[in-house]
Amino acid sequence: MTTRLGRGQRTIPLLFVAPFFILFLATLVAPVGYSLWMSLFREQATSGLGFGGTETIFVGAGNYGRALGDASFHRGFLHITLYCLIYIPVMVGGALALALLVDSAMARARKFFQLAYFLPHAVPGLIAAIIWGFLYTPGLSPVVDLLRTVGVEWDFLGPDGVVFSMANAAAWQWIGYNMVIFYAALQAVPKETLEAATVDGAGQLRTALSVKLPMIRSSVVLTMLFTAVGAIQLFNEPEVLRSRSSAISQDWSPVMYIYQAAFTEHDYGLAAAASLLLALLGAALSFVITKFGNRWKEA
Amino acid sequence: MQPSTRSSSTALAAAVASLALLVTACGGEDTATTSDAGTGSAAKPVEITYWSWMPGTADMAAAFNASHPNIKVTHAEIPAGLNGGYDKISKAVKAGNAPDVVNLEYQAVPDFVTQGLLRDSSTELGELVEGYAPESVKSLVTLGDRTWAAPYDVGPQTLYYRSDLFEQYGIEVPATWAEFRTAAERVRTASEGKARLLDFWGDDTATWAGLSQQAGARWYSATSDAWKVNITDPATKKVADYWKDLVEDDLVLNHKGWSPEATKAVTDSKAIALIGASWSAGSIKTTYPGQAGKWAEAPLPHWGTPVTGAVGGSAFAITKDSEKAEAAARFIAWATTDSKAVEARLAAGTSSGLPAAEKLRAAARSTFDTSFFAGQDIYALAGAQVPNIAKGWTWSPVHNSTTMTMQAAFGKAQKTGDFWPAFQAGQAAAEKAITDRGLKLAR
């Protein structure tokens with residue numbers, strides 16, 4: 001006999017998880033499903049000149065084929081790959097170096113440095129991109145003028161320089177944030193281990209590289225994951241710099257490509273297909289990094 | 001610290017998916033239209049809705065309501081055209097809750113028509129447009145012999161220049177492009193290399209379109225059942241080559257259009273002229289307040305006969321499923337041909353837009369303080385250019401995406417002046433976009 005109590009025991013946990021599932025369904029599963037549906041259709045003109053308007057036709061995987069075959073979509077991935085190659089080593093390396101420095105026994109005024117390094121992160125990304133935009137603009141920027149006086153001609157917004165400029169703006173914003181994460185992880189390194197290292201004759205540098213660093217691996221992996229997944233969604237920096245740099249096209253990054261397909265070309269089928277492809281890549285990327293990271297952790 | 005990596009990776013993948021999808025999934029807010037069809041009376045006015053992002057249009061709608069008790073216009077501000085406004089209109093039409101009247105830039109009209117967003121308004125607006133619109137803008141709103149929108153303004157291309165520096169460097173206002181080149185050489189020498197005659201916005205497709213139109217190009221045309229793209233025609237090539245030489249020979253600056261760098265060059269008097277259109281007077285006045293009284297406007301230099309191109313401008317259109325097209329047309333007729341409409345719309349005094357209807361230009365002039373241009377009658381000057389605009393220009397349904405491709409390609413030529421590949425890229429992009437949309441391409 002199923003008692004009231006039995007039913008209650010089953011429904012009460014459901015009540016607790018319901019808010020999560022409702023939001024999960026409404027804000028994730030439903031939009032993904034709708035996009036999947038949208039990605040199967042395409043608007044086509046009904047006459048040669050198109051004055052009769054459009055009709056929606058079923059194209060199956062056609063939109064995926066178009067996105068995958070589009071050279072400007074490819075270029076977007078090339079751009080972010082280049083961006084990641086510059087940005088991730090600089091950002092993770094910088095954050096690690098700062099965290100280890102602040103954590104080292106020699107550091108003074110730790111609280112101050114922690115806060116100072118973190119401050120750039122308090123500036124909203126869009127605003128930061130605008131400020132950096134000014135700092136990169138010749139004629140307005142003291143940095144460009146200063147470089148010129150010492151004889152360096154560097155075009156921050158030119159076709160060669162603009163990826164570095166973007167990585168620089170992003171690194172400025174995220175180094176401090178990730179430093180705080182690494183620093184927090186370093187606090188969890190047991191004192192005894194560090195003492196043992198000292199007793200064994202390891203210096204500051206040796207302790208940092210051979211003891212502390214391996215012990216905060218999981219934080220490093222997590223940070224890399226966040227960073228890589230964030231990077232494939234690159235939008236703010238290039239979108240803001242686009243108004244200043246001729247080197248950035250309107251479809252420079254994959255998200256810009258999607259945005260442009262949807263809002264300039266009204267090609268929602270293509271935009272939906274490209275979004276799903278990007279989401280798949282994001283999922284694949286997090287899977288690979290996690291696997292790879294786990295192996296590193298176990299090593 | 002030991003995060004559970006597996007679940008976090010799933011959650012992250014999920015987060016990525018939802019973020020990427022937000023781009024496509026959101027939008028399409030609805031604005032309810034009160035349904036009350038009929039001709040309307042003071043007691044029970046017809047209510048129509050009107051969406052626009054253009055400055056002054058809310059005041060204009062209010063002025064209309066004050067003088068027209070039978071029709072009540074509800075104005076709603078939307079984001080500017082390509083920044084989301086067009087998208088919003090298109091979604092609203094598809095969702096069946098579109099406004100009755102919208103504003104569109106001319107180059108968006110064919111795009112809207114082929115998406116099936118506009119009403120064939122030949123009956124409601126055909127006669128009106130025939131009555132006041134200059135030939136050069138009529139061709140922008142008439143497609144396939146049908147009237148789709150009513151022009152509000154017209155933007156003949158003109159030259160803006162610093163009269164004080166022209167005098168200082170001893171140059172006359174160039175009337176032809178040959179004289180323009182001589183003047184450019186003169187400015188460089190006379191300023192000892194500090195200044196150039198012009199900051200050419202070589203990545204601005206709109207400027208190029210106007211210059212090409214002036215030279216005789218017609219980038220797009222609609223044949224009986226297909227669209228023709230002709231961006232790479234000889235007239236455009238002539239224009240591209242002319243500017244290539246000027247950039248290569250370091251006779252003009254070539255900054256990104258509307259960029260802070262371009263603004264700075266003019267502020268510092270490093271560029272002493274700009275190619276603009278009638279409506280640029282307002283923005284030059286607000287952008288360079290320190291140079292008041294030193295600017296003047298002149299006809300655009302030409303290739304031998306006084307012809308000019310046109311840039312920008314917007315129109316009023318009735319949306320596809322509007323049930324109150326009659327009331328909408330009455331509002332549009334007032335907005336495009338009544339001087340009260342222009343006075344209300346331009347009351348802020350910051351716009352130098354030139355109404356398409358000639359009889360409204362006096363009212364428009366009264367709103368704009370021309371002391372920045374040393375009292376020059378810039379409305380008379382711009383108005384005199386309107387009959388000189390090269391006839392027969394039309395935009396195409398795919399011009400927005402073509403512009404993007406071209407702008408990116410122009411950017412690559414910023415230093416070299418090698419502009420021609422950008423036009424070739426534009427030709428290819430336009431042809432591809434036309435077939436992609438299921439339209440027919442004429443070869």
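Criteria and cut-off values
Residues numbered from 1 in each chain as written. Chains lettered and ligands numbered in written order. Predicted model: local features only at pLDDT ≥ 70, side-chain atom pairs only at ≥ 80, totals over all residues. UniProt positions renumbered as here; feature names shortened; annotations may be inferred. Helix = DSSP H or I, 4+ residues; strand = E, 2+ residues; numbered from the N terminus. Buried ≥ 20, exposed ≤ 12 C-beta atoms within 10 Å, placed from the backbone. Domains from an automatic or database assignment. Pairing = 2+ DSSP bridges. Expected span 1.5 Å × (residues − 1). Arc of directions from axis to C-beta. Contact = placed C-beta atoms within 7 Å.

**Student:** If you had to explain the UniProt feature "transmembrane region" (unreviewed entry) in chain A to someone new, which residues and values would you point to?
**Tutor:** Residues and elements named next belong to chain A. Taking the numbering used here, the UniProt-annotated feature "transmembrane region" (unreviewed entry) corresponds to residues 12-37, 80-102, 114-135, 162-186, 215-235 and 268-289. Each end of residues 162-186 is marked by a C-alpha atom, and these two atoms are 35 Å apart; helix forms 100% of the span and strand 0%. From the first C-alpha to the last, residues 268-289 spans 31 Å; its make-up is 100% helix and 0% strand.

**Student:** Can you lay out the environment of Glu192 of chain A for me, pointing to particular residues and giving the numbers?
**Tutor:** Residue and element names in this part refer to chain A. Take Glu192: it is sitting in helix H8 (residues 191-199). Here Glu192 falls in the exposed class, since 8 other C-beta atoms lie within 10 Å of it. Between the alpha carbons of Glu192 and Thr290 there is a distance of 30 Å; along the sequence they are 98 residues apart.

**Student:** Tell me about the domain arrangement of chain A, and please be specific about residues and values.
**Tutor:** We note that the domain assignment places domain 1 (1-33) and domain 2 (63-298) within chain A. On a C-alpha basis, the centres of domain 1 of chain A and domain 2 of chain A stand 38 Å from each other.

**Student:** Residue-level account of the pairing of strand E12 (residues 314-318) of chain B, with values.
**Tutor:** Residues and elements named next belong to chain B. Along E12, five of the five residues are buried, which leaves the element largely enclosed by surrounding structure. Across five bridges, strand E3 (residues 101-105) lies against E12 in antiparallel orientation. By the bridge assignment for E12, Val102 is matched with Ala317. Relative to E12, strand E6 (residues 150-151) runs antiparallel, the two sharing two bridges.

**Student:** Tell me what's going on with helix H10 (residues 234-248) of chain B, and back it up with residues and numbers.
**Tutor:** All names here are of chain B. Given a rise of 1.5 Å per residue, 15 residues ought to cover 21 Å, and the 21 Å separating the end C-alpha atoms of H10 matches this to within 8%. Among all positions in H10, only Thr236, Val239, Ala240, Trp243, Leu246 and Val247 are buried. Buried residues of H10 fall within an arc of 125 degrees about the axis and therefore sit on the same side. For H10, the exposed residues lying more than 90 degrees away from the buried face are Pro234 and Glu248. Where the residues of H10 are buried, they touch helix H8 (177-190), helix H9 (205-215) and helix H18 (420-436).

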